[in-house]
Structures are given as structure tokens and as C-alpha cells.
Amino acid sequence: MEEKEKVTVKGVPETMLQTLYARAKESQKKEHYIYDPKAVEIVSQLEYDFSKADKDGTMSSGVIARTIVLDKMVGEFLNKFPDAIVVNIACGMDTRCYRMQGKFSRWYNIDLPETINIRKRFLEENGSVYQIAKSAMDASYISEIEYKGEPVLVIIEGLTMYLSETEVKQIFDIINKKFHKATVFVETMSPFVVRHVTEKSIEGSQAKFTWGVKNGSEFQKLIPQFTNKKDVSLVEGMKVFSPVYKVIGKIPFIRNISNKILVMEKI
């Protein structure tokens, strides 16, 4: 039997294993709504207790919905701008660069050194895909990105809800200073969920929800260099595999408290 890789990680970086597992589990279903072979491959190599993730249906559904929504949005952007560079902030064990292979010029996966060290054990990225072992709040990471004025897409998923408002603004300030123009797909959580919901899959960890924003219009007030183009509720992803959301997704409260992907543009 092949020996499995033991991974020990705590706090916010631990969430990357939970989301990886959710994608792998969904991919192995007979009727799957996303298919992520890289996630399946990596999870099969891991020695890690996923029992809490197995019991956290809310987390798993959110991950699948987010993947459906973002894969569609990223795919549409790259079809329109095939020469684009993609900056994937707080990438964790995200594998979207493989699902989008051949659609971009360069793809930069950025995360903390401890996270990138784990990522490198399973994903040997080269060619047009790069890994940068730095914090999203460390402005020096931009010096490692080759930029010649190409269209830029920045993806920030599963991160802002664990930060402070100051840290979120700092991330956007770095993006603003580096790129002449940029489109940012950023996942945000509602303040209501931040106050009232705990993520069961990482209960007992140091990772806690700490920040949320009502919508893109409110977010634009914090980062005036960027314009809010639209908000895409993860309800749109839930509708794909949970038909009840075609009905309850019309309820304003449900749409308001669901995580959103805000499309922010610096023009």
C-alpha cells in the first residue's frame, strides 16, 4: 500500500484542506456537479482526519456552489481575454489553473510560505503557472509578477471573511499600485453570517469569521479606486445542484446573507 502524506496545519490555512476535500468528494459522485481530478488525486495521498468535513454539509455545499460560480466567471473572462494573467490570492490547494489550462498567459498562485510548502509536495507547477510564497499583505510579491500591461484577473476566494477591514483594504491597495487596469473577483460574506455562523469543519481551530460586507456598493466605499460592476450570489451555484434554491433563492434575506462574488474593476 502506498504510504500517505501526513499534513499538519492549523488556523486559516487548514481551510484549504477542507475545501480540497469537498471538491474531491463531489467529484467522485456518480452525478457530480463539478469535476476536479487533481483534488481527488491529492486527497487520496493525504493522511488527514476529514471526519469533521464529512459532517459539515453547509461548508461542502458552499464550496461546490462557489466552484460552479467562479469556474463559469473565470472561464468567461479568459475566453474574452486569452492573453490575460491571473493572480490567485490565498490559493491554498486550489486547482482552477488546471481546469483553465491553455486559456491564460500566466497564472500566479500566491499564499503563505507554510501553505505553498504543502502545495509544492503535491503540485509541481511550472511553465505558465507560478507559485509565490508570500502573504497577500506583503507588497513585495508584486515584484515576482511579470506584467506588461496585459488584461489582469485577480481571484480572492475564501479569504476576506478571516481578515480585518484594514487587511482587506491593504490587499486592494497593493493590487491598485501594481496594475494599470485589473478585474477582481472577490468573495465576501455578509456581516450577519460573520456574527452568527461557525464553520464546523474547523471548529476548535484558530480560524474564525471576522469580517463581512453587505454588498459591492458598500465595498466600493472602502476601496474607491475600484468600481463595483456586479455582485454574483452563490445562490446561483446552489441552484445548479439544489433545486429548492430556485425558489428560496428569490427571497431577499436568503440572497442577502449568501456569500457573494463581487466584481470590482480598476479602469
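The model shown is predicted, which means the values in this text are computed figures rather than measured ones. Sequence order as written defines the numbering, with residues in each chain counted from 1. Only residues with pLDDT of at least 70 get local features here, since the model is predicted, and only at 80 or more are side-chain atom pairs given and counted; chain-wide, interface and lining totals rely on the full set of residues. Only heavy atoms go into the side-chain values, all of them from the structure, while hydrogens and water stay out.

Draft legend 1. Local environment of the overall build of the protein. When you go through the protein residue by residue, the secondary structure sums to twelve helices and nine strands. The C-alpha extent of the protein, read off along each of the three principal axes, is 50 × 45 × 35 Å. Three exposure classes are used, based on accessible area relative to the maximum for each residue type with a 1.4 Å probe and protein chains only: buried under 20%, partly exposed in between, and exposed over 50%. A total of 267 residues make up the protein; the buried ones form 52% of that total. Any pair of residues with heavy atoms lying within 4.5 Å of one another is described as a contacting pair. Expressed as a percentage of contacts within the protein between residues at least 6 apart in sequence, the contacts between residues at least 24 apart total 70%. Working note: accessible area of the protein is about 12,800 Å², and carbon and sulfur atoms make up 51% of it. Only DSSP runs of H or I covering at least 4 residues are called helices, and only runs of E covering at least 2 are called strands; the numbering of each starts at the N terminus. Using the Shrake-Rupley algorithm and a 1.4 Å probe, accessible areas are obtained, with residue cover drawn only from the displayed protein chains.

Draft legend 2. Just the side chain of E26, in detail. Its location among the elements puts E26 in helix 1 (residues 15-27). Setting aside chain neighbours within four positions, we find E26 in contact with E31, H32, Y33, I34 and I64.

Draft legend 3. Representation of the packing of aromatic side chains in the model. Aromatic contacts are taken between Phe, Tyr and Trp rings whose centres are within 6.5 Å, Trp giving its six-membered ring; a plane angle under 30 degrees counts as stacked, one over 60 as edge-to-face, and the others as tilted. One pass over the structure, following the stated rule, counts 13 aromatic pairs. Between the aromatic rings of Y33 and F241, the centroid separation amounts to 6.0 Å while the plane-to-plane angle is 40 degrees, which identifies the pairing as tilted. In this pair, Y33 sits in the loop between helix 1 and helix 2 (37-43) while F241 sits in helix 10 (residues 235-241), placing the two residues 208 residues apart along the sequence. Aromatic side chains Y108 and Y130 sit 5.0 Å apart centroid to centroid with 20 degrees between the ring planes, which places their arrangement in the stacked category. On the criterion of sequence distance, the pair formed by Y108 in strand 4 (residues 106-111) and Y130 in strand 5 (residues 129-133) is long-range, its members being 22 residues apart. Residue Y108 is classed as buried on the basis of its relative accessible area, which comes to 2%.

Draft legend 4. Inspection of the environment of V86 at higher detail. As for its placement among the helices and strands, V86 is situated in strand 3 (residues 85-89). The buried category is assigned to V86, whose relative accessible area is 0%. For the pair V86 and V74, spaced twelve residues apart in sequence, the C-alpha separation works out to 9.4 Å. Ignoring any residue separated from it by four or fewer positions in sequence, one finds V86 in contact with L78, F104, R106, W107, Y108, L153 and I155.

Draft legend 5. Structural view of helix 6 (residues 113-122). Within helix 6, burial applies to T115, I116, I118, R119 and F122. Looking down the long axis of helix 6, one finds its buried residues gathered within 160 degrees of arc, a one-sided arrangement. Directions are taken from the helix axis to each C-beta atom, and the arc is the one they span.

Draft legend 6. Focus on the sheet that holds strand 4. Only strands that DSSP links by at least two bridges are regarded as paired with each other. What the seven strands build is an open sheet, ordered 5-4-3-6-7-9-8; its pairing is mixed. The strands lining the two open edges of the sheet, one partner per strand, are strand 5 and strand 8 (227-233). Averaged over all adjacent pairs, the angle separating strand axes in this sheet is 20 degrees, with direction ignored. Bridge count for strand 3 against strand 4 is five bridges, and the pairing is parallel. Considered in strand 4, the bridge of V86 is made with W107. To get an axis, fit a line to the C-alpha atoms, keeping to the stretch in contact for a helix; angles then go from 0 to 180 degrees between the N-to-C directions. Sheet strands in contact with helix 4 (residues 57-80) are strand 3, strand 4, strand 6 (152-156), strand 7 (182-188), strand 8 and strand 9 (260-266), and its direction is about 175 degrees off that of strand 7.

Note that every value here comes from positions in space, so none of it alone points to a role or purpose.
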